[in-house]
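Now for the letters of each chain:
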Amino acid sequence: MASASSKLLTRIRIICSTHTPLAPTRSCPLRALQTSRLFQSRPYSNDQNNIKSTSASSSISSLNQTELVKFSAIADSWWDADGPFRPLHIMNPTRLAFIRSTLCRHFGKDPNTARPFEGLKFVDVGCGGGILSEPLARMGAAVTGVDAVDKNITIARLHADLDPVTASIEYRCTTAEKLVEEQREFDAVLALEVIEHVADPTEFCKSLSALTVTQGATVISTINRSMRAYATAIVAAEYLLQWLPKGTHDWSSFLTPEELVLILQRSSVSIQEMAGFAYNPLSGQWSLSDDIGVNFIAYGTKTNG
């Protein structure tokens, strides 16, 4: 898979280098309209119920208040393996396999040891209830988990305190932008299934880059803005199979791999590896794949300060 992934990444880089604007591709006739919308601020809601207010700041925020309200409503279900976050629980081992492989290679660590990330500082941006933060802590990383939804952080802290190993996780109700203002830096910055829910992907990636030390690592996963993703991640997952609450995703907020690579390049993060997630309906399990047509994950390095 490594060879195929390298060819795929090379193709994406060529596309990005020859197309400065984020132009539509022929695979989706609606992409021109959606791309123009994508890099404008997305709709904001005035409903602040269950959301911890943050102090006024002159810095640009990538928060989408509508999305915060949506996830606050189901925050109590983070650790219910059969609840609204069931797809993430099932996908989590595959996400972690990619993270363990790429980051052990990046930091020169042995992936076969129990705690390969010992001595490294990670931040899980948009950590939710901590379903990614906890296994990262068990692998030895000093983890900071941040989320803008106060209820998510409450749930994450309560669950982490059940295990002395995960009790060391620093959970905070804040944003990536606030951490940048505090001049925090981390060896690895992770934002999984988050960027499709922010108001401004470009500003969000700038914050992720600013949080990453030079030559550090950034990992992002999201959903491709393809018609196949619309059919599977929205129509099938939300309406037919009801794996997710209706309205969880907005197709126009998805990014194509090409767009994500370009945004990160402009933020001094160079993508080194990318993989897709393939779902096997017979086994009910996910696996890594060269197919990035729907769900995909990318690992990159911070190229300069």
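Residues numbered from 1 in each chain as written. Predicted model: local features only at pLDDT ≥ 70, side-chain atom pairs only at ≥ 80, totals over all residues. Heavy atoms only, no water.

1. Regarding the overall build of the protein
The test is simple: Put simply, DSSP H or I for four residues or longer makes a helix, DSSP E for two residues or longer makes a strand, and each gets a number counted from the N terminus. Residue burial is assigned from relative accessible area. The probe radius is 1.4 Å, only protein chains are included, and a residue is buried under 20% of its type maximum, exposed over 50%, and partly exposed in between. Contacts are assigned to residue pairs that have any heavy atoms within 4.5 Å of one another. Only the protein chains shown count as cover for residues, and the accessible areas themselves come from Shrake-Rupley with a 1.4 Å probe.
Regarding its fold elements, the protein presents 10 helices and 8 strands. Among the 305 residues that make up the protein, the fraction classed as buried is 53%. In the protein, 69% of the contacts between residues at least 6 apart in sequence involve partners at least 24 apart. Per element, the accessible surface of the protein, about 13,500 Å² overall, is 54% carbon and sulfur.

2. Considering the nonpolar core
The tendency in soluble globular proteins is for nonpolar side chains to be buried as a group. Heads up, the rule is: Nine residue types can take part in a nonpolar core, namely buried Ala, Val, Leu, Ile, Met, Phe, Trp, Tyr and Cys, and a core is a set of them joined through side-chain atoms within 4.5 Å.
In this structure, Ile99, Leu103, Phe117, Phe122, Leu136, Leu190 and Val219 are the most contacted members of the largest nonpolar core, which totals 33 residues. Looking at this core, the elements with two or more residues in it are helix H4 (86–107), helix H5 (133–138), helix H6 (150–160), strand S3 (170–173), strand S4 (186–192), strand S5 (212–223), strand S6 (269–280) and strand S8 (295–302). For this core, the element with the highest residue contribution is H4, accounting for 7 residues. For Phe122, the contacting residues outside a window of four places in its chain are Leu103, Phe107, Phe117, Leu136, Ala141, Ala142, Val143, Thr144, Phe186, Ala188 and Leu190. Residues Val125, Phe186, Cys205 and Val269 belong to the second largest nonpolar core, which totals 27 residues.

3. Looking at H6
Put simply, the rule is: Within this analysis, the arc is defined by the directions that extend from the helix axis to the C-beta atoms.
Within H6, the full set of buried residues consists of Asn152, Ile153, Ile155, Ala156 and Ala160. Across the axial projection of H6, the buried residues extend over an arc of 165°, all falling on one side.

4. What to know about unusual backbone geometry
One non-glycine residue, Gln183, lies in positive phi territory at about 60°. The class for Gln183 is exposed, based on a relative accessible area of 70%. At Gln215, a position not held by glycine, the phi torsion is positive, near 70°. Note on placement: Gln215 falls in strand S5.

5. Focus on the packing of aromatic side chains
The condition that has to hold: Two aromatic rings, drawn from Phe, Tyr or Trp (for Trp, its six-membered ring), form a pair once their centres lie within 6.5 Å of each other, and the interplanar angle then sorts them: stacked below 30 degrees, edge-to-face above 60, tilted otherwise.
Scanning all chains against the criterion turns up 4 aromatic pairs. Each ring, one from Phe117 and one from Phe122, has its centre 5.0 Å from the other, and the planes form 55°; the classification is tilted. Across the pair, exposure class does not vary: Phe117 and Phe122 are buried alike. Aromatic rings pair up to connect Phe107, Phe117 and Phe122 into one cluster.

6. Brief notes about the side chain of Ser207
As for its position among the elements, Ser207 is in helix H8 (residues 201–211). The exposure class of Ser207 is buried, given its relative accessible area of 7%. Ser207 has contacts with Ala176, Glu177 and Val180, leaving out every residue within four places of it along the chain.

7. Focus on the environment of Gly145
Mapping Gly145 onto the fold places it in strand S2 (residues 142–147). Residue classification places Gly145 among the buried residues on the basis of a relative accessible area of 0%. Each C-alpha atom, one on Gly145 and one on Glu134, is 9.4 Å from the other, the two residues being 11 residues apart in sequence. Leaving out residues up to four positions away in the same chain, Gly145 has contacts with Asp124, Cys127, Ser133, Ile153, Ile169, Glu170, Tyr171 and Arg172.

8. Side note on the pairing of S2
So the rule is basically this: Two strands form a pair only when DSSP identifies at least two bridges running between them.
Across the 6 residues of S2, 5 count as buried, placing the element largely inside the fold. Pairing geometry for strand S1 (residues 121–125) and S2, over 5 bridges, is parallel. Of the residues in S2, the one forming a bridge with Val125 is Val146. The sheet contact formed by S2 and S3 spans 4 bridges and is parallel. Bridging across to S3, Thr144 finds its partner in Glu170.

9. As for the sheet that holds S2
This is how it is decided: Only the contacting stretch of a helix is used when fitting its axis, a line to C-alpha atoms as for every element, and angles between N-to-C directions run 0 to 180 degrees.
Taken in spatial order, the 8 strands line up as S3-S2-S1-S4-S5-S8-S6-S7 in an open sheet, and their pairing is mixed. Edge positions in the sheet fall to S3 and strand S7 (285–289), since each of these pairs with one other strand and no more. Averaged over neighbouring strand pairs, the angle between their axes works out to 20° when direction is ignored. As paired strands, S6 and S7 are joined by 5 bridges and run antiparallel to one another. Bridge pairing links Tyr279 to Trp286 in S7. In the packing of H4 onto the sheet, the strands contacted are S1, S4, S5, S6, S7 and S8, and the crossing angle to S8 comes to about 25°.

10. Description of the pattern of salt bridges
Working definition: two side chains of opposite charge can pair if their charged atoms are close together. Just so we agree on the cut-off: Within this document, salt bridges are pairs made up of a side-chain nitrogen of Lys or Arg and a carboxyl oxygen of Asp or Glu, the two lying within 4 Å of each other.
Under the counting rule described, the total for this entry stands at 11 salt bridges. Notably, a salt bridge pairs Asp291 with Arg228, separated by 2.8 Å at the nearest N-O pair. Of the two residues, Asp291 is situated in the loop between S7 and S8 and Arg228 in helix H9 (residues 227–240); the sequence distance between them amounts to 63 residues. Connected through shared salt-bridge partners, Glu134, Arg138 and Asp163 make up one network.

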